[in-house]
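Chain and residue survey
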Amino acid sequence: MKEIGFIFDLDGVIVDTAKYHYLAWKNLADQLGFEFTHEHNELFKGVSRKKCLEILLEIGKVEASQDQFDAWMIEKNVDYLAYIEKMKESEILPDVPRILNFLKENNFPIGLGSASKNARHILEKVNLIHFFDVIVDGNNVTKAKPDPQVFLIAAEVLEVNAEKCVVFEDAIAGVQAANNAEMISIGIGDAEILSHADYNFDDFTQIDTPFLTKLINSLA
Ligand code: B16
Ligand code: MG
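Basis of the calculations
Residue indices follow the written sequence of each chain, beginning from 1 at its first position. Chain letters and ligand numbers both follow the written order, the letters beginning at A and the numbers at 1. Restriction of local features to residues with pLDDT of at least 70 applies here, the model being predicted, together with a cutoff of 80 or more for giving and counting side-chain atom pairs; totals for whole chains, interfaces and linings are based on all residues. Derived side-chain values reflect all non-hydrogen atoms in the structure, with water molecules and hydrogen atoms excluded from consideration. DSSP calls a pair of strands paired once it identifies at least 2 bridges connecting them. Secondary structure elements are defined from DSSP: runs of H or I of at least 4 residues count as helices, runs of E of at least 2 residues count as strands, and each element is numbered from the N terminus. Axis geometry follows a simple rule: fit a line to the C-alpha atoms, using only the stretch in contact for helices, then measure angles between N-to-C directions, giving values from 0 to 180 degrees. Note on contacts: a residue pair is in contact if any heavy atoms of the two residues lie within 4.5 Å. Only protein chains enter the calculation, and the probe is 1.4 Å; a residue is then buried if its accessible area is under 20% of its type maximum, exposed if over 50%, and partly exposed in between.

Some points on the sheet that holds strand β2 (residues 110-113)
With parallel pairing, 6 strands are arranged side by side in an open sheet as β3-β2-β1-β4-β5-β6. Edge positions in the open sheet fall to β3 (134-136) and β6 (199-201), since each of these has one partner strand only. Across the sheet, the axes of successive neighbouring strands diverge by a mean angle of 20°, strand direction being ignored. Pairing geometry for strand β5 (residues 184-188) and β6, over 3 bridges, is parallel. Residue pairing for β6: I188 is matched across the bridge by F201. Packing of helix α7 (residues 149-158) onto the sheet brings it into contact with β1 (5-8), β2, β3 and β4 (165-169), and relative to β3 it is tilted by some 160°. Its contacts with the sheet place helix α8 (residues 172-180) against β4 and β5, and it is angled at close to 170° to β5.

This is how it looks when you write it as structure tokens:
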């Protein structure tokens, strides 16, 4: 077993793809004739595509056959992927490369734990894929966050005990999933919303080397 591992969520932690999810869901809502707001989009963070469409149809009070539901899932994703195609390295959130470089240089195993089925493609687009020793995403799980499955699979592949894993998350369900896995949770974003996290930071610019060193020493 290795000593300590680090697991990153994707959307809201490494890149802000929530804005593209918003545009794609809004396109579908426009087509179906109801409003989809930024407040609605907040409900979608960290939530699977299927669950998002269920919530969207509830918002619009729209009923759908299974075939229609499946067709809208595909349509939304095609639309979303068109935005992803234009993504560049400049869209990586501030100081994420600094943290990844620090962990890599110090030989810590690094994993991704995301609900997105497009995670691998997005990491390729922004040139970060080489940092990750394992990518666990929406294609690999049967249970959604707050279930700990996504992070437990990552820990197993990284060969790190769950209690020695540190998870970076921006969604309430994601922090709960890390806590349910008995991992160390670091909330990235609003500390009031992510109040169940072990540590809170607005973004990675606030996470300095002394903090990381102290955290690592406390787990070693
Ligand atoms: P896809 P994360 C999540 O990513 C997003 O926050 C959520 O809004 C999205 O519905 C979900 O991925 C599924 O994404 O449609 O690409 O499979 O935060 O878990 O990295
Ligand atoms: Mg997220």
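Right, picking up where we left off after that structure.
Some details on the pairing of β1
Residues in a regular strand point their side chains to alternate faces of the sheet. A two-sided burial pattern is seen for β1, the buried positions comprising G5 and I7 on one face and F6 and F8 on the other. As judged from the 4 bridges shared by β1 and β4, these two strands associate in the parallel manner. Along β4, the bridge assignment pairs G5 with C165. In this sheet, β2 lies alongside β1 in parallel orientation, the contact comprising 3 bridges. Each bridged residue has a counterpart across the sheet, and for F8 the counterpart in β2 is L112.

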